[in-house]
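What follows is the residue order along each chain.
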Amino acid sequence: MTDFPLTQLLWWVFASMAVGGGLGMVTRRNPVASLLFLVLTFFSLAAIYVLLGAHFIAAIQIIVYAGAIMVLFLFVIMLLNLGHDYQSDLRGGVWIVVGFVAAGTVGWFIWQSFGAPGAVLQRGGEQQIAASVEQMNAVGAIAYPLFRDYIVPFELVGILLLVAIIGAVLLAKRRV
Amino acid sequence: MHDMGALTGAPWLIAMLIKVLVVFFGTMVVVALLTLMERKVSAWMQDRLGPNRVGPGGLLQPAADGLKNILKEETYPAHASKLFFVLAPMLAIGPALITFAVIPFAAPLPTPWGLVDMIVADLPIGILYILAITSLGIYGIVMAGWASNNKYSFLGGLRAAAQMVSYEVSLGLSLIPIFFLAGNVTLTQIVWSQQQELGWWYAFPLGLSFLFFVISAFAETNRLPFDVAEAESELVTGYHTEYSSMKFSMFFIAEYSNMVTASALMATLFLGGWDIPFFTFDNMRVIAPGIVEGAEPAWWKTLLTFGAFGIKTLFFIFLFMWVRWTVPRFRYDQIMHLGWKVLLPSALAYVTFMAAAILTLDTLGVPFDFWYGLILTGVNLVPTVLFLVLIDRDRVIGGTAPAARRSGPLPQGITATRRPNADANVERENQEA
């Protein structure tokens, strides 16, 4: 049974689901359909995190993105135009340039993660993750670095979000 | 330490398969019986007989209902997107059926091939898995409301989405004090902490958390008094108005299996899971495949602990029904008020308070045992009583409720209520008679 490459098989299934969901999200004309495709992508990403041994990140991915943020998106789409087809905002040739820039950024990221010398995946991250999960359990492996080594950036991000919330409330309260 | 041998190879695969099938069919059978129990309990509360024609005492009623639902005509609303309309019940029932996987339901069972732990998947993220999967269940309801091309359904779907997102926050916050005490998020560790390490069921040292969790679980499962998404008297039946036959039934199966999972979860988190109180013969946990810490596993212990788990779960299921047939539906603004302005700040304050209390006890060097739990139970009484007094707003405890209702004008928009001088009228009628 150990010879059977179950993890690889599952990786192919979820990776193609993620890519397919991403493609479906950009190509659908119906906003609700593209939103559901995006949820599929998030779900598949979470499954890939599980295959990598990062259970906690997978759970947070689904709780925060698929379960909360996308529901709010769905809410907004339904309230604004009830999910009927709409005209694209992308007119002219600008989006081609934007698309190339985005593709270039993604390509650079992939090169940095896999190809470049000293990339993340070549540093034996898998053993590190397994060791810290063994030592501090799935949540502790994230919590200890976050609340000890990176406490200042963490608090700064919190303040950033607070500022955004206050700004949104201010804008919404203004009499138009 | 007891080395019972680890399951490997084919026996492991067969044991997993049996566990999955038993849990799946067990949940489905319990769900079917719950539809009967719901009607029997409501009949009992309203002094009726309930269904009693099919089978002995109406026991075969669920089978008759299922058969009827399969044979009914399937209808599709006009001008609705059929794909989403069909997809919605599947999105509702899928998450509802897989959440039970991480709940341990009995003590580990020794077999000739090795030790079988009574949990489908002991994930390292435990309870977070349940939170994640249940948050996906919203899509089914929202899609159903949207795809039905019906204003009432749509309103029901929107209400469900807003309500479930709101109460997820307080649900998550009410879990945090548990993690303080258990030190991990896996449900096996939470059970072990309650039966052995602390020796107290968390309902006692974390009473207010328990209250918050029960309220939020009612809202998350869309049960009365939080069933504004269905709300027969306002929205026909909300998001499933347009559904017929088995697709309608699938929403019901989803709701009931969510109820079973929520009840099992409440029993596991706050009433010790499969722990039998006042006895130590069942206190054991699996620390590695096949290796058990604490008491020695035996088949009769598995059976007894499974019974304890069943009784606790059934108690919460009965609580769900009890509340449903007792309390009227909340108004929508009341639900939002309770979620965002009462539960969220209270749960946040409680997390801070319990964190301070636990940190103080740890700093003082109190050993983590019975006395630790007793002190924490006493400390916990302070915020619990404070919360109950504050939320009561001087009504029941202060004893001012009837007087407040009689004096002053009625709130705007409320017509069908007790008239301010109703008692006086009754008295006058009595005198005239």
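Here the structure is a predicted model, which is why all the values come from computation and not from measurement.

Quick word on the confidence of the model for chain B
Next, step 1: With 91% of its residues at a pLDDT of at least 70, chain B reaches an overall mean of 83.
Next, step 2: In the model output, the complex is listed with pTM 0.82 alongside ipTM 0.75.

Thoughts on helix 2 (residues 31-51) of chain A
Next, step 1: In this model helix 2 of chain A runs 30 Å from its N-terminal to its C-terminal C-alpha over 21 residues, within 8% of the 30 Å that 1.5 Å per residue would give.
Next, step 2: Looking one or two residues past helix 2 of chain A, A:G53 carries a phi angle of roughly 90°, positive in sign.

A short note on the interface of chain B and chain A
Next, step 1: If you look at the interface, chain B gives 26 residues, while chain A gives 26 residues.
Next, step 2: Contact with chain A buries area across many residues of chain B, yet B:I125, B:Y139 and B:W146 alone supply 26% of it, more than any other trio.
Next, step 3: Linking chain B with chain A are zero salt bridges, by the criterion used here.
Next, step 4: Scanning the region where chain B abuts chain A turns up one residue pair in polar contact (both at pLDDT 80 or more).
Next, step 5: At the level of secondary structure, the elements contributing two or more residues to the side of chain B that touches chain A comprise helix 1 (9-45), helix 3 (82-98), helix 4 (127-147) and helix 5 (151-182) of chain B.

Focus: the sheet that holds strand 5 (residues 291-294) of chain B
Residue and element names in this part refer to chain B.
Next, step 1: The antiparallel open sheet is built from three strands, whose spatial order is 1-5-4. Each edge of the open sheet is held by one strand with a lone partner, namely strand 1 (2-3) and strand 4 (284-288).
Next, step 2: One ladder, built from four bridges, connects strand 4 with strand 5; its direction is antiparallel. The residue bridging V286 from the neighbouring strand is V292, located in strand 5.
Next, step 3: Along the sheet face, helix 6 (residues 187-197) touches strand 4 and strand 5 and points at about 130° away from the line of strand 4.

Observations concerning the packing of helix 1 (residues 6-27) of chain A against helix 2 of chain A
All names here are of chain A.
Next, step 1: Where helix 1 contacts helix 2, the axes come no closer than 8 Å and their chain directions differ by 155°. In this view, helix 1 runs roughly antiparallel relative to helix 2, as classed from their interaxial angle. For the element pair helix 1 and helix 2, the recorded crossing hand is left-handed. Taken together, the residues of helix 2 that come into contact with helix 1 (itself represented by T7, L10, W11, F14, A15, M17, A18, G20, G21, G22, G24 and M25) are S34, F37, L38, L40, T41, S44, A47, I48 and L51.
Next, step 2: A breakdown of the residues in the contact of helix 1 with helix 2 according to their chemical character gives 13 nonpolar, eight polar and no charged.

Focus: the confidence of the model for chain A
Next, step 1: Put simply, chain A has an average pLDDT of 80, and 80% of its residues get 70 or more.
Next, step 2: Summarising per-element confidence for chain A, the mean pLDDT is lowest in helix 5 (residues 125-149) of chain A (74) and highest in helix 6 (residues 151-173) of chain A (92).

A word on helix 2 (residues 61-71) of chain B
All names here are of chain B.
Next, step 1: Of all the positions in helix 2, only Q61, P62 and N69 are classed as buried. One side of helix 2 holds all its buried residues, which, seen down the axis, span an arc of 100°. The exposed set on the far side of helix 2, more than 90 degrees from its buried face, consists of A63, L67, I70 and L71.
Next, step 2: Contact partners of the buried residues in helix 2: helix 1 and helix 9 (245-270).

Re unusual backbone geometry
All names here are of chain B.
Next, step 1: Backbone geometry at D47 places phi at a positive 60°, although glycine is not the residue there.
Next, step 2: Mapped onto the elements of the fold, D47 is located in the loop between helix 1 and helix 2.
Next, step 3: Despite not being glycine, F278 has its phi angle at roughly 70°, a positive value.
Next, step 4: Of note, F278 is situated in the loop between helix 9 and strand 4.
Next, step 5: Given a relative accessible area of 84%, F278 falls into the exposed group.

Brief notes about the nonpolar core
Side chains that are nonpolar tend, in soluble globular proteins, to be buried together.
Residue and element names in this part refer to chain B.
Next, step 1: By size, the foremost hydrophobic cluster in this structure holds 135 residues, and its most contacted members are Y139, L187, Y202, F213 and L269.
Next, step 2: Here this core takes 16 residues from helix 4, the largest share from any one element.
Next, step 3: The contacts of F213, once residues within four sequence positions are left out, are L171, S174, L175, L265, M266, L269 and F270.

Topic: the environment of A:L80
Next, step 1: With respect to the helices and strands, the residue A:L80 is situated in helix 3 (residues 55-81).
Next, step 2: In the structure, A:L80 is positioned 24 residues away from A:F56 in sequence and 34 Å away in space, judged by C-alpha atoms.

What to know about a nonpolar patch on the surface
Next, step 1: A contiguous nonpolar patch, built from A:I60, A:V64, A:Y65, A:I69, A:L72 and A:F73 and spanning about 480 Å² of accessible area, is present on the exposed surface.
Next, step 2: Tracing the sequence through the fold places A:V64 in helix 3.

So, the side chain of B:S170
All names here are of chain B.
Next, step 1: With respect to the helices and strands, S170 occurs in helix 5.
Next, step 2: Within polar-contact distance, the side chain of S170 engages the backbone oxygen of Y167 at 3.3 Å.
Next, step 3: Residues contacting S170, with those up to four places away along its chain left out, are S216 and L343.

Things to note about the packing of aromatic side chains
Here a ring pair, both rings aromatic, is described through the centre-centre distance and the interplanar angle of the planes.
All names here are of chain B.
Next, step 1: On inspection of all chains with the given rule, the structure shows 30 aromatic pairs over all chains.
Next, step 2: Both rings, one in W44 and one in F318, keep their centres 6.4 Å apart while their planes meet at 40°; by these two values the pair is tilted. Of this pair, W44 sits in helix 1 while F318 sits in helix 10 (residues 299-324), and the two are 274 residues apart along the sequence.
Next, step 3: By relative accessible area, W44 is classed as exposed at 60%.
Next, step 4: Centre to centre, the rings of F318 and W322 are 5.8 Å apart; their planes meet at 35°, and the pair counts as tilted. Of the two residues, F318 and W322 are both situated in helix 10; the distance of four residues between them amounts to about one turn of the helix.
Next, step 5: Judged by its relative accessible area of 42%, W322 is partly exposed.
Next, step 6: One aromatic cluster is present, formed by Y76, F85, Y239, Y243 and F251 through successive ring pairs.
Next, step 7: Residue placement shows K82 over the ring face of Y76; its charged tip is 4.5 Å from the ring centre.

The rules behind the values
Residues numbered from 1 in each chain as written. Chains lettered and ligands numbered in written order. Predicted model: local features only at pLDDT ≥ 70, side-chain atom pairs only at ≥ 80, totals over all residues. Heavy atoms only, no water. pLDDT = per-residue confidence, 0-100. Helix = DSSP H or I, 4+ residues; strand = E, 2+ residues; numbered from the N terminus. Expected span 1.5 Å × (residues − 1). Contact = heavy atoms within 4.5 Å. Buried area = accessible area lost by both parts, 1.4 Å probe. Salt bridge = Lys/Arg side-chain N within 4 Å of Asp/Glu carboxyl O. Polar contact = N/O pair within 3.5 Å; in protein donor to acceptor, adjacent residues only side chain to side chain. Pairing = 2+ DSSP bridges. Axes fitted to C-alpha atoms, helices over the stretch in contact; angles between N-to-C directions. Parallel < 35°, antiparallel > 145°, perpendicular 65-115°, else oblique. Left-handed = near helix turned anticlockwise from the far one by under 90°. Nonpolar A, V, L, I, M, F, W, Y, C, P; charged D, E, K, R; others polar. Buried < 20%, exposed > 50% of the residue type's maximum accessible area, 1.4 Å probe, protein only. Arc of directions from axis to C-beta. Core = buried A, V, L, I, M, F, W, Y, C linked by side-chain atoms within 4.5 Å. Patch = residues over 30% accessible without salt bridge, like charges linked within 9 Å, V, L, I, M, F, W, Y side chains within 5 Å. Areas by Shrake-Rupley, 256 points an atom, 1.4 Å probe, with all protein chains shown as cover. Phe/Tyr/Trp six-rings, centres within 6.5 Å; stacked < 30°, edge-to-face > 60°. Lys NZ or Arg CZ within 6 Å of the ring centre and 35° of its normal.

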